[in-house]
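# Notes for the structure review
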Amino acid sequence: MSTLTKILIVLLTISSIFLCGIVVTYVANADNYKKLYEDERQAKQLAVTRRDAADKQLEQSKKQYEQQEDKLNKQITALKADVTTLGGQLASVKRENAELLQRVTDMASVVESASQTAKQQTQLFKDAQEQLKQLEARQTRQGKELDETVAELIAKTAIIETLESDKKRLEEEKYALQSELDKFLRQRGKEVSFVPTVTPEVAPAPPPIPSVPREIGLKAVITAVDLKHAIAEISIGAAHGVKEGMKFFVTRGSQFVCEIVIFSVDAETSVGDLKRMDQLQPKVGDNVSTNL
Amino acid sequence: MSPEPRSRGGNMAAPSNLYTVILALALAAVAAVAIFVAYKCYVQYDTIFGGV
């Protein structure tokens, strides 16, 4: 065996061992592509399955979305109709609110006028009470005066009776003297002369002069007016001399308003019909008087 | 390396077995690698030479 052959054998052996080591190392460290492939294929199948499921779910979601959209569209339509209806109701409620506010304002003014009228009535009541007290005091004073007058009248009546009896006695004495004088004159042959009485005959009392109704100047104000029934109430009554049928003239400043013909009289107030109500209408506070 | 016996006078000298052992060792290594590679191919791909 030649030396070259030997060298070749040795080189062949060394290279074979070296290559074998490289191959073993490579094969031992090589990736398992089949396993990787299987894994990838399973992953792909799983992804495809998930995609199909996702597609189905997407379709179901689309159907649900469409159904939900239809339902919501119907609800939107219904709600729009409700909104329209509620808008109408809101407008009507606003109108009612405005009307109620107007009524509240009117009622407030009415209440204010009523309270003012109540204050006036209270003041009138106080005035009437004051006048009543004055009248009671005057009545008491007049009662005393009446008692004194009655006592004086009784005394004077007694005096008159005494004078009457004296007068009768004097007349009897006068007749007696007259008869004695007649007898004496007849005895003397003289005529009987008529002796006039000393006291002249009292002429009959003239008939009482009819009392002419004096022109009374009653003045008052209107305390209440009812234009519907054309009646009004004034602040004076029987205590002031008002009687049924009296006519009052209603004036406001220098303007003539109407006439009031009294048909009901109380102690402190009177009520009458409104007459000749042409241009102006009477109201509370207008002046009332019997004379223009 | 021992000197190789030469044939003298037409007599055949016994060849040295050292290089034969080296060759056998190299062959065994190659065979072992081939077996290992075949085993790995079979285990990983269920076949030795590939194909569908």
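Keep in mind that what you see is a predicted model, and the values were worked out from it rather than measured. (Residues numbered from 1 in each chain as written. Chains lettered and ligands numbered in written order. Predicted model: local features only at pLDDT ≥ 70, side-chain atom pairs only at ≥ 80, totals over all residues.)

## Notes on the overall build of chain A
For chain A, the count of helices and strands is 2 helices and 6 strands. The helix and strand sequence of chain A, counted from the amino end, reads α-α-β-β-β-β-β-β. Pairs at least 24 residues apart make up 58% of the contacts formed inside chain A by residues separated by at least 6 positions. (Helix = DSSP H or I, 4+ residues; strand = E, 2+ residues; numbered from the N terminus. Contact = placed C-beta atoms within 7 Å.)

## Considering the confidence of the model for chain B
Residue and element names in this part refer to chain B. Scored by pLDDT, chain B comes out at a mean of 77, with 65% of its residues at no less than 70. Counted against residues more than four places away or in other chains, residues 1–9, with its pLDDT under 50, gives 8 contacts. Scored as a whole, the predicted complex attains pTM 0.33, and scored at its interfaces, ipTM 0.72. (pLDDT = per-residue confidence, 0-100.)

## A word on the nonpolar core
Residues and elements named next belong to chain A. The biggest cluster of nonpolar side chains holds 14 residues, and the ones touching the most others in it are I222, A232, I234, F248, V250, I260 and V288. Residue assignment for this core shows that the elements contributing at least two residues are β1 (219–226), β2 (231–234), β3 (247–252) and β4 (255–265). With 4 residues, β4 is the single largest residue contributor to this core. In this structure F248 touches I234, E259, I260, G272, V288, S289 and T290, once residues within four positions along its chain are discounted. (Core = buried A, V, L, I, M, F, W, Y, C linked by C-beta atoms within 7 Å. Buried ≥ 20, exposed ≤ 12 C-beta atoms within 10 Å, placed from the backbone.)

## A closer look at the pairing of β4(A)
Residues and elements named next belong to chain A. The sheet contact formed by β3 and β4 spans 6 bridges and is antiparallel. The partner of R252 across the bridge, within β4, is Q255. Between β3 and β4, which pair antiparallel one after the other, the connecting turn spans 2 residues, and G253 there sits at a positive phi close to 70°. Judged from the 6 bridges that link them, β4 and strand β5 (residues 270–275) form a sheet pairing that is antiparallel. (Pairing = 2+ DSSP bridges.)

## Notes on unusual backbone geometry
Of note in this structure, A:A230 is not a glycine but carries a positive phi near 60°. With respect to the helices and strands, the residue A:A230 is situated in the loop between β1 and β2. Positive phi values are uncommon outside glycine, yet B:D46 reaches one of about 65°. Within the secondary structure, B:D46 is located in the segment after α1 (18–45).

## Considerations on helix α1 (residues 3–29) of chain A
Between the first and last C-alpha of α1(A) there are 39 Å, a value that for 27 residues agrees with the 39 Å anticipated at 1.5 Å per step. Taken across its 27 residues, α1(A) has 2 buried, putting it largely on the surface. (Expected span 1.5 Å × (residues − 1).)

## Quick notes on the sheet that holds strand β6 (residues 287–289) of chain A
Strand order in the closed barrel formed by 6 strands is β1-β2-β5-β4-β3-β6 (chain A), with antiparallel pairing between adjacent strands. Each strand axis lies, on average, 40° off the axis of its neighbour in the sheet, ignoring direction. (Axes fitted to C-alpha atoms, helices over the stretch in contact; angles between N-to-C directions.)

## A look at α1(B)
In this model α1(B) runs 40 Å from its N-terminal to its C-terminal C-alpha over 28 residues, within 8% of the 40 Å that 1.5 Å per residue would give. Among the residues trailing α1(B), B:D46 stands out with phi positive, at a value near 65°.

## Overview of the interface of chain A and chain B
Put simply, an interface is often sized by how much accessible area is lost when its parts join up. Every contact between the two is made by 14 residues of chain A and, on the other side, 15 residues of chain B. The element contributing the most residues to the side of chain A that touches chain B is α1(A), with 11 residues. Grouping the constituent residues of the side of chain A that touches chain B by class yields 9 nonpolar, 3 polar and 2 charged. (Nonpolar A, V, L, I, M, F, W, Y, C, P; charged D, E, K, R; others polar.)

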